[in-house]
Amino acid sequence: MRRNYLGEFEEIVLLICAQLGNEAYGVSITEAIHGQTGRNVTISAIHATLSRLEKKGLLNSHMGGVTKERGGRRKRFFTITLYGIQILNEVLELRQQLWQRIPSVVLKWKTI
Amino acid sequence: MAAYSFCCIKMEDNLNHKKEDYNRPPRWADHFLEWFCSSELLEGIQGDLHELYGKWIKRMGPVKARWYYLFNVILFLRPFAFRRKKPHYHVNYIAMYKNFFIVALRNMVRQKFYSFITLLGLTIGVAATLFILLYIIDELSYDKFHTNIDRMYRVGLNGKLAGQEIHVALTPPPLAQAMVREVPGVESALRMWQWNDVVIRYEDQVYTEDLIFHTDSNFFDFFSFKLIEGDPQTALKEPNSMVLKESMAKKIFGDGEKLGKILIFSNENKAMKVTGVAEDPTHNTHFDFNYLVSFSSNDFGESDQWLSNTFPTLFLINENADINEIVSKLNNELIPKYVGPQLQQLLGISLDQFLEQDGAYGYFIDAVKDLHLYSHVDFDLGTSGDIDYIYIFAAIGLFILIIASTNFMNLSTAKSSGRAREVGMRKTFGSSKKQLIGQFLIESINYSLIAVLIAILLVIILLPNFNLLSGKDLEFSYLLKPGLIAAVISLMLFVGFLAGSYPAFYLTSYRITEVLKGKVTKGMGGGRIRGVLIVLQFAISILLIICTILVYNQLQYTQNKNLGFIKEKVIVISNVDRLNSNRKAFKDALMGESNIVAASYSNSMIPEVYNTTVFRKPGLEEDHIVGVYFADHEHVEVLGYELVKGRNFSRDFPSDSTAMLVNQVVVDEMGWEEPIGEKLISYDGPQPLELEVVGVLKDFNFESLHANVRPILILLGNFGNVMSVRFKMDDPKEAISLIEGKWKDFVPEEPFEFSFLDETFDEMYRSEQRLGTLFSTFTILAILIACLGLFGLAAFTTDQRTKEIGIRKAMGASGFIIARLMSTEFMKYILIAFILSIYPAYYFINNWLENFAYRIDISIWVFLISGVTALVIALLTVSYHALKSARINPATTLRYE
């Protein structure tokens, strides 16, 4: 078994972080989730998830440079760790394995 | 680091906010977020929120956006965002504190001179304060050890007879029983009748003893004095039984058996049986005793004479009794019932008539716990303190502490300006402001800790000297009470905190960049505060100098004032009735000596003329109360009274048995134009007696100078129990041995008791004298501490201006100009301090002098002298450094870079 269970929302946030690369911070993640999944998520939920992921070692964070638009406050950028990537891969693999075990009839029925 | 930069940004933010309000999210919501959000997450979260807020404004308008912002802030109320007690990252705090201590020590050692001055001043200050604290605690502790102290009261008599007011702690014998019997709420009562000068014999030992009390059998129930041997319930029940205090018992019986021994009271020729030995009373009681005798030994205890006010009555009330009701019961029921009829018998008028004729007769009460500090009555047992002196000492203690901690503050702020760079470095390496403040506070608390420890040592060492000075018997163990220890510790922390607060908060608020560029190091931060503090120190010092000088002047005045008699070279022998039939022979023998001027018998001796009697002018009804005593022909010569009119008693006039000498106050009171030959009628005996004035004495201050001279007259009689002898020798010891030798010739086995008149009079001012000594001691300490501070500061300014002085000298300034330059600033402060201290000093000392009927005038010179003294002392202190710096060769100071 994997040491860490990755929740559905956690997975999405982790994926988005991986996607955004060096530009992943609270606001950009929120917007990306909204844009790509249509979900409206509060910033607090994002931060809560981010800090949980960081605690699990899936994300790293660092403070960016001084910005003008945020009253001078720096952004906290998140980058996915190698371990994070590994976990994402494991999740994907597991899903694919599971998918492959579904008899094709069922799928056909379902898609009709 | 994070916190610091954040700080700056926030400030900018605030500036923007002022211009365009709605572009910024609601501030209180932000504050709320800042309050609960952990600091390492805050910046990121708040930044995100602010960024979103900008978008929300565009989408939903500012009003909604604000609410939405708050809503989102509230959503952050989840555990992950909360502040944690400990930060995530681990810092080696132990190493940090270790470093603080090392740096503190290094600083102390590097600046030996300043550290020494700081510590010395602080130590003296704390030690002085501790002494004062001990003194005050002792004064406040009087009689507090009695279990029932809160319910104990003493009755005294307040009255007015023939225009003379009396306020005495004296009550009649039947009062105690009447109170227990008839006044509800009174649980028990106790009488304490003091006898002094009692001759006690045990086998072949003879002692003259004081502090002997006839007291009721419930003595040990009433007070919490402890009985070591004997039964506290019955020890004082039987007639002729007595209890000794332990040290007395040891003195008389040694280590042998004590109970059941018989002592003889020679005065009455009574045998007393020892029924108990009591623990020595602690010194902090108003009811100090040597011997206790059962009241039943004396018939007077059973007397029903309500007008014989002889001793104090003490009583204990029930837990819930109302003391006011008891007092009103005493005055409104007991007095009319018992005193009234006897008054009628004596004066021939009823109580109501007596009261109508401007008389007064009432009992007053004092709580026993207040007796020592608040009660001022005549015929009091024991000596009493004065709450005013407690306040004065507390004020002085506070003053000294203020001066000492001010020094500490001044020196540490001055020194710390050299450490701005250290602060800058520490900040660069990530010290937070909090940690830096902590560092400076720890450093200064270090100082105060060391000072307090040394001070405690000093107090222990110097306690005997202080006891000598204050006339007390203090022990260091008084300070070992938990409350006091806590007080001393908090005092230490407080002083340390106060002194360290300026450098801690001021230095740490510099910006790193400026500090490291060297902009701040040059300025001697806090110059103005230091100025204010110096003014404060010297204002207090000058105030103390003025008060000390005036207190001394007053004491000198009271001791040297022409009292109207000559108190020097007079020996007073008491209990001369021991001579029995040898009285005349003894006197003649003394008069025959060439070194004896004269000897005289009298029945009272100044300053104790207690006997007062009613006199009337012939044919008039008006009462005059006049002090009176009997003396023989030589009395005027012995005491050196001055006759202003008429003549002394003379053996040439047989009619002198009805003659009297009066003082000028009597003449004034009677309104006589030509006093000689005037007559007064005495109502003291069974029949009125007509007396004639033969001489008028210049007023002599036979009591303390606190009071005005009372009317007094002297009648002829040679039966007195006191003898006064004026001698010629310069060495009083010779006089004693001569007179005692004569005494032994006549009555070898009787004790010879004497005192010197001048000592007796000086004794009356002992409390003032002590005040004077203590006052001046503490004043000197205060000035010393203030000067230490000034000395340190002067050294510091000179240090800082070394180069300036060098340049000035190079440009041709003379040494004098440099010295003036260096001292002007300090002199200015002292002048201001002088001006500020004048009024408070005048106010205090004027209040104190109100206590004296004969007092000095407050002269302006005293103020000027005090001011000049302070100025000169300060100038000397400062000039040492000023001159030193002025004398340095500029080449040496300018070369060092």
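This structure is a prediction, so every number in the text was calculated from the model and none was measured.

Colleague: Sorry if this is basic, but what is going on with the overall build of chain A here?
Modeller: Scanning chain A from terminus to terminus reveals 5 helices and 2 strands. Start at the N end of chain A and walk to the C end: the helices and strands fall as α-α-α-β-β-α-α. When burial is assessed residue by residue, chain A has 44% of its 112 residues classed as buried. Taking contacts inside chain A between residues at least 6 apart in sequence as the whole, the part at least 24 apart equals 50%. Accessible surface, chain A as shown: approximately 6800 Å² in total, 57% of it carbon and sulfur.

Colleague: When you look at the nonpolar core in this model, what are you seeing that I'm missing?
Modeller: Taken as a class, soluble globular proteins show a tendency for nonpolar side chains to be buried jointly. Residue and element names in this part refer to chain B. Counting residues in hydrophobic clusters, the biggest one holds 93 residues, and the most contacted among them are Phe 778 and Phe 826. Sorting the residues of this core by element identifies α5 (112-140), α12 (387-416), α14 (433-470), α15 (482-507), α17 (527-560), α23 (766-800), α25 (815-849) and α26 (860-887) as the ones contributing at least two each. Leu 639, Phe 649, Val 722 and Tyr 854 belong to the second largest nonpolar core, which has 30 residues in total.

Colleague: Looking at this structure, I do not really get unusual backbone geometry. What am I missing?
Modeller: Excluding glycine, residues mostly carry a negative phi; peptide bonds, for their part, are mostly trans. Residue and element names in this part refer to chain B. The phi angle at Lys 569 is positive, at roughly 55°, despite the residue not being glycine. Turning to its location among the elements, Lys 569 is positioned in the loop between α17 and β14 (570-574). Although it is not a glycine, Asn 580 sits at a positive phi angle of roughly 50°. Here Asn 580 is to be found in the loop between β14 and α18 (583-592).

Colleague: How do you make sense of the pattern of salt bridges when you look at a structure like this?
Modeller: It is possible for side chains of opposite charge to pair when their charged atoms get near one another. Residue and element names in this part refer to chain B. Per the counting criterion, the structure on display carries 26 salt bridges over all chains. Here Glu 209 makes a salt bridge to Lys 251, at a shortest N to O gap of 2.7 Å. Of the two residues, Glu 209 sits in strand β5 (residues 205-209) while Lys 251 sits in helix α8 (residues 246-253), which places them 42 residues apart along the sequence. For Glu 209, a relative accessible area of 5% translates into the label buried. Using a relative accessible area of 39% as the deciding quantity, one classes Lys 251 as partly exposed. With a closest N to O distance of 2.8 Å, Arg 578 and Glu 753 form a salt bridge. Residue Arg 578 is located in the loop between β14 and α18, and its partner Glu 753 is located in strand β24 (residues 753-756); the two are separated by 175 residues in the primary sequence.

Colleague: Explanation requested: the environment of B:Val168 in the structure shown.
Modeller: Residues and elements named next belong to chain B. Within the secondary structure, Val 168 is located in strand β2 (residues 164-168). For Val 168, a relative accessible area of 7% gives the class buried. For the pair Val 168 and Tyr 363, spaced 195 residues apart in the sequence, the C-alpha separation amounts to 9.7 Å.

Colleague: What's the story with a nonpolar patch on the surface in this structure? I'm lost.
Modeller: A surface patch of nonpolar side chains, about 370 Å² in accessible area, is lined by B:Leu457, B:Ile460, B:Ile461 and B:Leu462. Looking at the element boundaries, B:Leu462 is found in helix α14.

Colleague: Just to check I follow, could you spell out the packing of helix α4 (residues 93-110) of chain B against α14(B) for this structure?
Modeller: When two helices pack together, their arrangement is captured by the angle between the axes and the distance separating the axes. All names here are of chain B. It is the contact of α4 with α14, at a shortest axis distance of 10 Å, that shows an interaxial angle of 50°. Classed by the angle they form, the pair α4 and α14 counts as oblique. For the pair α4 and α14, the sense of crossing is right-handed. Residue-level contacts link Tyr 93, Met 96, Tyr 97, Phe 100, Phe 101, Val 103, Ala 104, Asn 107 and Met 108 of α4 to Gln 435, Gln 439, Ile 442, Glu 443, Asn 446, Tyr 447 and Ile 450 of α14. Here the residues of the contact of α4 with α14 are counted per class, giving 11 nonpolar, 4 polar and 1 charged.

Colleague: What is the right way to read the packing of helix α24 (residues 802-810) of chain B against α25(B) from this model?
Modeller: All names here are of chain B. Packing of α24 against α25 leaves a shortest axis separation of 10 Å and a crossing angle of 150°. Taken together, the axis directions place α24 and α25 in an arrangement best described as roughly antiparallel. The handedness of the crossing between α24 and α25 comes out as right-handed. Together, Glu 804, Ile 805, Arg 808 and Lys 809 of α24 and Ile 818, Leu 821 and Met 822 of α25 make up the contact between the two elements. Looking at the contact of α24 with α25 residue by residue, the classes come out as 4 nonpolar, no polar and 3 charged.

Colleague: Would you explain the interface of chain A and chain B in this entry?
Modeller: Often, the extent of an interface is quoted as the loss of accessible area on bringing the components together. With 19 residues of chain A in contact, the opposing surface of chain B contributes 22 residues. Between chain A and chain B, a total of about 2000 Å² is buried, with carbon and sulfur atoms accounting for 54% of that surface. Here chain A is connected to chain B by 2 salt bridges. For A:Glu31, the salt bridge is made with B:Lys55, and the minimal N-O distance between the two is 2.5 Å. If you look at where chain A meets chain B, you find 8 residue pairs in polar contact (both at pLDDT 80 or more).

Colleague: Would you take a moment to explain the confidence of the model for chain B for this structure?
Modeller: All names here are of chain B. Residues of chain B with pLDDT of at least 70 account for 93%, and the chain-wide mean is 82. The least confident element of chain B is helix α1 (residues 2-19), whose mean pLDDT is 42; the most confident is strand β12 (residues 313-317), at 92. The low-confidence segment residues 1-20 (pLDDT under 50) makes 20 contacts with residues lying over four places distant or belonging to another chain. Two numbers describe this predicted complex: its pTM, 0.68, and its ipTM, 0.87.

Colleague: Hey, could you run me through empty space enclosed by the protein in this one?
Modeller: Empty space among the atoms becomes visible once a probe the size of a water molecule is rolled across them. Residues and elements named next belong to chain B. Under the counting rule described, the total for this entry stands at 2 cavities of 30 Å³ or more. Estimated volume of the largest cavity: approximately 160 Å³. What lines the largest cavity is a set of 14 residues, and nearest its centre among them are Ser 412, Lys 415, Arg 419, Glu 443 and Tyr 447. Every element with two or more residues in the lining of the largest cavity is listed here: α4, α12, α14 and α15.

Colleague: Can you walk me through helix α2 (residues 26-37) of chain A in this structure?
Modeller: Since the α-helix advances by 3.6 residues per turn, residues separated by three or four positions end up pointing in the same direction. Along its 12 residues, α2(A) runs 16 Å from first to last C-alpha, staying within 8% of the 16 Å computed at 1.5 Å per residue. Considered for burial, the residues of α2(A) that qualify are A:Gly26, A:Val27, A:Ser28, A:Ile29, A:Thr30, A:Ala32 and A:Ile33. If you follow the buried residues of α2(A), they end up packed against α1 (8-20), α3 (43-56) and β2 (76-80) of chain A together with α3 (39-75) of chain B.

Colleague: In this structure, what is going on with the environment of B:His881? I would like to understand it.
Modeller: All names here are of chain B. As for its placement among the helices and strands, His 881 is situated in helix α26. Taking the C-alpha atoms as reference points, His 881 and Thr 797, separated by 84 residues in sequence, lie 9.1 Å from one another. If we ignore the near neighbours within four places in the chain, the residues touching His 881 are Phe 113, Phe 791, Ala 794, Ala 795 and Thr 798.

Colleague: Please explain the packing of aromatic side chains as it appears in this structure.
Modeller: One pair of aromatic rings is described through two measures. These are the centre distance and the angle between the planes. Residue and element names in this part refer to chain B. A full pass over the atoms with the stated rule returns 46 aromatic pairs over all chains. Taken together, a centroid distance of 6.0 Å and an interplanar angle of 90° make the contact between Phe 36 and Phe 82 edge-to-face. Taken together, the positions of Phe 36 in helix α2 (residues 27-36) and Phe 82 in the loop between α3 and α4 put the pair 46 residues apart, joining distant regions of the chain. By relative accessible area, which is 6% here, Phe 36 ends up buried. Clustering of aromatic rings is evident, with ring pairs tying together Phe 145, Phe 219, Phe 220, Phe 222, Phe 223, Phe 225, Phe 287 and Phe 289.

What counts, and at which threshold
- Residues numbered from 1 in each chain as written.
- Chains lettered and ligands numbered in written order.
- Predicted model: local features only at pLDDT ≥ 70, side-chain atom pairs only at ≥ 80, totals over all residues.
- Heavy atoms only, no water.
- Helix = DSSP H or I, 4+ residues; strand = E, 2+ residues; numbered from the N terminus.
- Buried < 20%, exposed > 50% of the residue type's maximum accessible area, 1.4 Å probe, protein only.
- Contact = heavy atoms within 4.5 Å.
- Areas by Shrake-Rupley, 256 points an atom, 1.4 Å probe, with all protein chains shown as cover.
- Core = buried A, V, L, I, M, F, W, Y, C linked by side-chain atoms within 4.5 Å.
- Salt bridge = Lys/Arg side-chain N within 4 Å of Asp/Glu carboxyl O.
- Patch = residues over 30% accessible without salt bridge, like charges linked within 9 Å, V, L, I, M, F, W, Y side chains within 5 Å.
- Axes fitted to C-alpha atoms, helices over the stretch in contact; angles between N-to-C directions.
- Parallel < 35°, antiparallel > 145°, perpendicular 65-115°, else oblique.
- Left-handed = near helix turned anticlockwise from the far one by under 90°.
- Nonpolar A, V, L, I, M, F, W, Y, C, P; charged D, E, K, R; others polar.
- Buried area = accessible area lost by both parts, 1.4 Å probe.
- Polar contact = N/O pair within 3.5 Å; in protein donor to acceptor, adjacent residues only side chain to side chain.
- pLDDT = per-residue confidence, 0-100.
- 1 Å grid on protein atoms, 1.4 Å probe; cavity = no way out; pocket = protein on both sides within 12 Å on 5 of 7 lines; lining within 4 Å.
- Points joined across faces, edges and corners; volume = space filled by probe spheres on them.
- Expected span 1.5 Å × (residues − 1).
- Phe/Tyr/Trp six-rings, centres within 6.5 Å; stacked < 30°, edge-to-face > 60°.

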